[in-house]
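Summary of structural features
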Amino acid sequence: MRRKFIAGNWKMNKTIEEAKELAEEIKTELNEIDKVDIALFPPFTALYPVYEVIKDSNIALGAQNMWYESKGAYTGETSPAFIVDIGCKYIIIGHSERRKYFNETDELINRKIKTALEWKLTPIVCLGETLEQREKGETQKVIEHQFNHGFMDLDSVQASRTTIAYEPIWAIGTGQTATPEIAEQIHKFIRGLVQKEYGSQTADNFQILYGGSVKPENIDGLIQELDIDGALVGGASLNPKSFIDIVKKTSGG
Ligand code: 13P
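Predicted model only: the values in this text are computed from it and were never measured. (Residues numbered from 1 in each chain as written. Predicted model: local features only at pLDDT ≥ 70, side-chain atom pairs only at ≥ 80, totals over all residues. Heavy atoms only, no water.)

Of the two faces of strand 8 (residues 230-233), both are covered, the one formed by Gly230 and Leu232 as well as the one formed by Ala231 and Val233. Relative to strand 8, strand 1 (residues 4-9) is paired through 4 bridges, and the arrangement is parallel. Looking at strand 8, one finds that isoleucine 6 is bridged to alanine 231. (Buried < 20%, exposed > 50% of the residue type's maximum accessible area, 1.4 Å probe, protein only. Helix = DSSP H or I, 4+ residues; strand = E, 2+ residues; numbered from the N terminus. Pairing = 2+ DSSP bridges.)

Listed below in structure tokens is the structure:
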């Protein structure tokens, strides 16, 4: 049985004080949840303060990005070693905002996934199509390309330590969530890709999250779908009540 997973991607929001306050509220309200994996992804500057808040709780920490080398002359970049050192368990790789604004390619994403796995981090690899690609009927082709290139040369042990987030770009920050049916269709397709490459056992245990305008009002429908194992929540994770509601609803209460 796959566990459900709700992750809050805070993107470039929250000062240290604001981040600590948000993490405190979330921790207090969710401390009895044991059926759902929960993780917070604050900005880099707030990672350690948030770690201090959640370190002995049921909530895990993750970072939003990293470099694929462990040290050296890479001004402005963050090593996986630092991310591990600061207490992170997860790392988001290949978010569409990084692909768009920072020109991240599937090849770079592949290198980052491999490095993250070497450092025993769990990568959450983001895949998703633009509105134009969807309207042209290219969604599956785009997802398959991102999957094949992102997961290039990974074996089934490595793949089984990885999570995918399907985040249709047209649904991110737009309020326009994919319907549960649309999301399920692509999640099922992604699980099929995992099965083709890595076999049924890996595919059956593989967590696939949905991301794109997830809120308390739409989580119920999404989470009921067979292949949707949770959500990567952006905007609604900045509001404690919304994020707490999403986790509680996912937990069945
Ligand atoms: P929103 O929930 O704000 O649409 O963002 C989704 C996302 O990009 C999570 O990584």
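From this point on, the discussion continues.
In a regular helix each residue adds 1.5 Å, so 13 residues correspond to 18 Å; helix 5 (residues 106-118) covers 18 Å between its end C-alpha atoms and thus fits that length. Those residues of helix 5 lying buried are Asp106, Leu108, Ile109, Asn110, Lys112, Ile113, Thr115, Ala116 and Leu117. Count one or two residues on from helix 5 and you reach lysine 120, which has phi positive near 65°. (Expected span 1.5 Å × (residues − 1).)

Turning our eyes to something else, we now look at the site of the ligand. Every residue close to the ligand is listed here: Asn9, Lys11, His95, Glu167, Ala171, Ile172, Gly173, Gly212, Ser213, Leu232, Gly234 and Gly235. Measuring from an oxygen atom of the ligand, one finds a side-chain N or O atom of glutamate 167 at 2.9 Å. Contact between the ligand and glycine 234: an oxygen atom at 2.9 Å from a main-chain N or O atom of the residue. When the ligand is considered free in solution it has 310 Å² of accessible area, and contact with the protein chains removes 95% of it. Here the residues of the shell around the ligand sort into 3 nonpolar, 7 polar and 2 charged. (Near = heavy atom within 4 Å. Polar contact = N/O pair within 3.5 Å; in protein donor to acceptor, adjacent residues only side chain to side chain. Areas by Shrake-Rupley, 256 points an atom, 1.4 Å probe, with all protein chains shown as cover. Nonpolar A, V, L, I, M, F, W, Y, C, P; charged D, E, K, R; others polar.)

Right, let's get into the side chain of threonine 250. Along the polypeptide, threonine 250 turns up in helix 12 (residues 240-250). A distance of 2.7 Å separates a polar side-chain atom of threonine 250 from the backbone oxygen of isoleucine 246. If we ignore the near neighbours within four places in the chain, the residues touching threonine 250 are Lys4, Ile6, Val36, Ile219 and Ile223. (Contact = heavy atoms within 4.5 Å.)

On to the packing of helix 1 (residues 16-30) against helix 12. Closest axis-to-axis distance for the helix 1/helix 12 pair is 10 Å, and the angle between their directions is 30°. Relative to helix 12, the element helix 1 lies roughly parallel. Crossing of helix 1 over helix 12 shows right-handed handedness. Residue-level inspection shows Leu22, Glu25, Ile26, Glu29 and Leu30 of helix 1 in contact with helix 12, the latter providing Pro240, Phe243, Ile244, Val247 and Lys248. (Axes fitted to C-alpha atoms, helices over the stretch in contact; angles between N-to-C directions. Parallel < 35°, antiparallel > 145°, perpendicular 65-115°, else oblique. Left-handed = near helix turned anticlockwise from the far one by under 90°.)

On to the pattern of salt bridges, then. Counted under the stated rule, the structure contains 17 salt bridges. Arginine 3 is paired through a salt bridge with aspartate 37; the nearest N and O atoms lie 2.7 Å apart. Of this pair, arginine 3 sits in the segment before strand 1 while aspartate 37 sits in strand 2 (residues 36-41), placing them 34 residues apart in sequence. For glutamate 52, the salt bridge goes to lysine 55, with nearest N and O atoms at 3.5 Å. Judged by its relative accessible area of 40%, lysine 55 falls in the partly exposed class. Bridged by salt links that share partners, the residues Arg2, Arg191, Asp227 and Asp229 form one connected network. (Salt bridge = Lys/Arg side-chain N within 4 Å of Asp/Glu carboxyl O.)

Attention now goes to unusual backbone geometry. Look at lysine 14: it is not a glycine, yet its phi comes out positive at around 85°. With respect to the element layout, lysine 14 can be found in the loop between strand 1 and helix 1. On the basis of relative accessibility, which here comes to 26%, the residue lysine 14 falls in the partly exposed class. One non-glycine residue with positive phi stands out, namely lysine 120, at about 65°. Within the secondary structure layout, lysine 120 lies in the loop between helix 5 and strand 5 (122-127). With relative accessibility at 66%, the residue lysine 120 sits in the exposed group.

A separate point is the nonpolar core. Ile6, Ile26, Leu40, Val50 and Tyr210 are the most contacted members of the largest nonpolar core, which has 64 residues in total. In terms of residues, this core owes the most to one element, helix 9 (residues 180-198), which gives 7 residues. For valine 50, the residues in contact, after removing those within four places along its chain, are Trp10, Ala19, Ala23, Leu40, Pro42 and Leu61. By size, the runner-up hydrophobic cluster in this structure holds 12 residues, among which are Phe5, Phe41, Tyr90 and Cys126. (Core = buried A, V, L, I, M, F, W, Y, C linked by side-chain atoms within 4.5 Å.)

The next thing to look at is the packing of helix 1 against helix 2 (residues 47-54). Where helix 1 contacts helix 2, the two axes come as close as 9 Å, and the packing angle between them is 25°. By the criterion of interaxial angle, the relationship of helix 1 to helix 2 is roughly parallel. The hand of the helix 1/helix 2 crossing is right-handed. Mapping the contact onto sequence places Ile16, Ala19, Lys20, Ala23, Glu24 and Lys27 in helix 1 and Pro49, Val50, Val53 and Ile54 in helix 2.

Just distances and angles here, no functional claims.
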